[in-house]
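Okay, here's what each chain looks like letter by letter:
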Amino acid sequence: MTRPCNDTFLRALLKEPTEYTPVWLMRQAGRYLPEYCETRRRAGSFLQLCKNPAMACEVTLQPLTRYDLDAAILFSDILTVPDAMGLGLYFTDGEGPRFERPLREEWAIRDLTAPDPWDHLRYVMDAVAEIRRALNNTVPLIGFSGSPYTLACYMVEGGASSDYRRIKGMLYDRPDLLHRILSVTADAVSAYLNAQIESGAQAVMIFDSWGGSLSAAAYREFSLPYLQRIVGDLICKQAGEHIPSIVFTKGGSLWLESIADIGCDAIGLDWMIDIGEAHRRVGHRVALQGNLDPGVLFASPERIAAEARRVLDSYGPYNTGHVFNLGHGISQFTPPENVTALVDAVHTHSRLLRIKNE
């Protein structure tokens, strides 16, 4: 494995100097792009799109054709792991993802096993390999997974939830059962991410999307230790190159210092914390990724540029350790041309900051 021609994203994650601040966007391949919608129509469904390596490659590359982004991220879904565990993932229009067989019975939880990613999730590894070939060493490829707690929420609730009634009932009444789910899922996520790395992913990200719904004590018991376990199990080097890891807990600003201590290379930030404050709190222990409010992309190009500059200025006059991103996934209603305004503003202003502080 050699570093890509544009390795700015990797250098930022490793806190090496960069000529500008790299940028990519969570959910950068998605419904806001008309070309994505056309490919999804041809696929027949979202799940069929995820399970077709050629089409997954096609949509992964679409935003890089439009925008001067510094990284590609594998097109897939965090729920492929519980689907491979036999829970029966399906999607319903207007309702989002659902499971045919959510974990409600003790026997089902006791029987839960981690799937072999090279068998049950081979289509993801094939997509990673195909994307790496198609990128032709231009920019890095990011692999990803959901966190054990976030996946457990879906697995127990049976889909998205507004009140987390079932998962929190289990958390407080039967913590032994939840720890069983989390332990098996942590093993599954570790194996899944390592298989992505072996297939060609050059960085990996763990999405703890629902971790912020936990109390401080519950986060430290039911989310953070499993994130640390996965980070410790990851392949750190592949063909002589370090494979950086990013941990993103939405709503996790309270625990930044604790997350920085688990061994990851970077922390993803939502938009509810000032990135300058986050930088002061964690220092140079980890890189930071974020953290523009995705809603900014509904504004005018001038306002988008101004808000991008605000985030860059808040991070401070440093040429290391910052990857620009949104604080959550891009909305399907975002005008595609507004992403151009954002990417151009990040690249232009971050270069000027470096010149100013030389």
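A quick note: this is a predicted structure, and the numbers were derived from the prediction, not measured. (Residues numbered from 1 in each chain as written. Predicted model: local features only at pLDDT ≥ 70, side-chain atom pairs only at ≥ 80, totals over all residues. Heavy atoms only, no water.)

### Remarks on unusual backbone geometry
Consideration 1: Each neighbour pair has its own omega, and for Gly290 with Asn291 the value is -5°, a cis peptide bond.
Consideration 2: Considering the arrangement of structural elements, one finds Asn291 in the loop between strand E10 (287-289) and helix H16 (301-315).
Consideration 3: The phi dihedral of Ala239 falls on the positive side, at around 50°, and the residue is not glycine.
Consideration 4: Tracing the sequence through the fold places Ala239 in the loop between strand E6 (237-238) and strand E7 (241-242). (Helix = DSSP H or I, 4+ residues; strand = E, 2+ residues; numbered from the N terminus.)

### Points about the packing of helix H10 (residues 165-173) against helix H11 (residues 175-199)
Consideration 1: Where H10 meets H11, the closest approach of the two axes is 5 Å, and the angle between their N-to-C directions is 115°. Our classification of the angle between H10 and H11 gives roughly perpendicular. Of the residues in H11, those touching H10 at Ile167, Met170, Leu171, Tyr172 and Asp173 are Pro175, Leu177, Leu178 and Ile181.
Consideration 2: Of the residues belonging to the contact of H10 with H11, the class tally is eight nonpolar, no polar and one charged. (Axes fitted to C-alpha atoms, helices over the stretch in contact; angles between N-to-C directions. Parallel < 35°, antiparallel > 145°, perpendicular 65-115°, else oblique. Contact = heavy atoms within 4.5 Å. Nonpolar A, V, L, I, M, F, W, Y, C, P; charged D, E, K, R; others polar.)

### Overview of the nonpolar core
One broad trend across soluble globular proteins is that nonpolar side chains are buried collectively.
Consideration 1: In terms of nonpolar packing, the biggest core is built from 130 residues, with Phe9, Ile267 and Leu342 touching the most fellow members.
Consideration 2: Considering every element that reaches this core, the biggest residue donor is H11, with 12 residues.
Consideration 3: Setting aside residues no more than four positions away along its own chain, Phe9 makes contact with Pro22, Trp24, Asp70, Ala71, Pro140, Ile142, Ala203, Ile246, Gln289 and Val323. (Core = buried A, V, L, I, M, F, W, Y, C linked by side-chain atoms within 4.5 Å. Buried < 20%, exposed > 50% of the residue type's maximum accessible area, 1.4 Å probe, protein only.)

### Focus: the UniProt feature "site: Transition state stabilizer" (unreviewed entry) in the chain
Consideration 1: Under the UniProt annotation, "site: Transition state stabilizer" (unreviewed entry) lies at Asp77.
Consideration 2: By the secondary structure assignment, Asp77 is in the loop between strand E1 (72-73) and helix H5 (80-87).
Consideration 3: Apart from residues lying up to four places away in sequence, Asp77 is in contact with Phe46, Cys50, Phe91 and Phe144.
Consideration 4: Of note is the side chain of Asp77, whose polar atom sits 2.8 Å from the backbone nitrogen of Leu79. (UniProt positions renumbered as here; feature names shortened; annotations may be inferred. Polar contact = N/O pair within 3.5 Å; in protein donor to acceptor, adjacent residues only side chain to side chain.)

### Concerning the layout of surface pockets
Consideration 1: Size it by volume and the largest pocket reaches roughly 1300 Å³.
Consideration 2: Forming the walls of the largest pocket are 41 residues, and the residues nearest its centre are Arg27, Arg31, Phe46, Asp77 and Phe91.
Consideration 3: Residue assignment for the lining of the largest pocket shows that the elements contributing at least two residues are helix H2 (34-43), helix H3 (46-50), helix H4 (53-66), strand E2 (89-92), strand E3 (96-99) and helix H9 (148-157).
Consideration 4: Here the residues of the lining of the largest pocket are counted per class, giving 21 nonpolar, 15 polar and five charged. (1 Å grid on protein atoms, 1.4 Å probe; cavity = no way out; pocket = protein on both sides within 12 Å on 5 of 7 lines; lining within 4 Å. Points joined across faces, edges and corners; volume = space filled by probe spheres on them.)

### Regarding the packing of aromatic side chains
Consideration 1: Tallied over the entire structure, the rule returns nine aromatic pairs.
Consideration 2: Relative to Phe91, the ring of Phe46 has its centre 5.0 Å away and its plane inclined at 65°; by these criteria the two rings are edge-to-face. Of this pair, Phe46 sits in helix H3 while Phe91 sits in strand E2, and the two are 45 residues apart along the sequence.
Consideration 3: An aromatic cluster of at least three residues, connected via ring pairs, comprises Tyr36, Phe46, Phe75 and Phe91. (Phe/Tyr/Trp six-rings, centres within 6.5 Å; stacked < 30°, edge-to-face > 60°.)

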